[in-house]
Amino acid sequence: MTLRKRSVLIAGHPTSVTLEEPFWETLKDMAVARGLSINALVEEIDGNRDGNLSSALRVAALLWVKGRVPA
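Residues numbered from 1 in each chain as written. Predicted model: local features only at pLDDT ≥ 70, side-chain atom pairs only at ≥ 80, totals over all residues. Heavy atoms only, no water.

Student: Can you lay out the overall build of the protein chain for me, pointing to particular residues and giving the numbers?
Tutor: A count of helical and extended segments in the protein chain gives three helices and two strands. N-terminal to C-terminal, the α/β element order of the protein chain is β-β-α-α-α. Relative to its length of 71 residues, the protein chain is compact, with a C-alpha radius of gyration of 11 Å against a globular reference of 11 Å. Its C-alpha atoms give the protein chain principal-axis dimensions of about 30 × 30 × 25 Å. The buried share of the protein chain, taken over its 71 residues, is 30%. Nonlocal contacts in the protein chain, meaning residues at least 24 apart in sequence, comprise 41% of its contacts between residues at least 6 apart. In the form shown here, the protein chain has an accessible surface area of approximately 4500 Å², with 52% of it arising from carbon and sulfur atoms. (Helix = DSSP H or I, 4+ residues; strand = E, 2+ residues; numbered from the N terminus. Rg over C-alpha atoms; globule rule 2.2 N^0.38 Å. Buried < 20%, exposed > 50% of the residue type's maximum accessible area, 1.4 Å probe, protein only. Contact = heavy atoms within 4.5 Å. Areas by Shrake-Rupley, 256 points an atom, 1.4 Å probe, with all protein chains shown as cover.)

Student: Which residues make up helix α1 (residues 21–34), and what values do they have?
Tutor: Its 14 residues place the ends of α1 20 Å apart at the C-alpha level, agreeing with the 20 Å of an ideal helix rising 1.5 Å per residue. If you check which residues of α1 are buried, you get Trp 24, Thr 26, Leu 27, Met 30 and Ala 31. Taken end-on, α1 shows its buried residues confined to a sector of 160°, consistent with a single buried face. Those residues of α1 that are exposed and aimed more than 90 degrees away from the buried face are Lys 28 and Val 32. Tucked into the core, α1 has its buried residues touching β1 (3–10), β2 (13–20), α2 (38–47) and α3 (53–65). After α1 finishes, the residue Gly 35 shows a positive phi value of roughly 70°. (Expected span 1.5 Å × (residues − 1). Arc of directions from axis to C-beta.)

Here it is, written out as structure tokens:
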């Protein structure tokens, strides 16, 4: 599976996150469903995480697909 590195802004600071393409696609779907940009969604997830940002993004995407996180 192909990894894709994206640059996002968190609290105004650029950072890069590497995730598999299906996770980026799911995060985009989440953001669209909630009327947010990818940056805003990532910043929200970042503010509620314990541990690694990439892992937190993967878990958030998985929970959303499983219907455990509101759109």
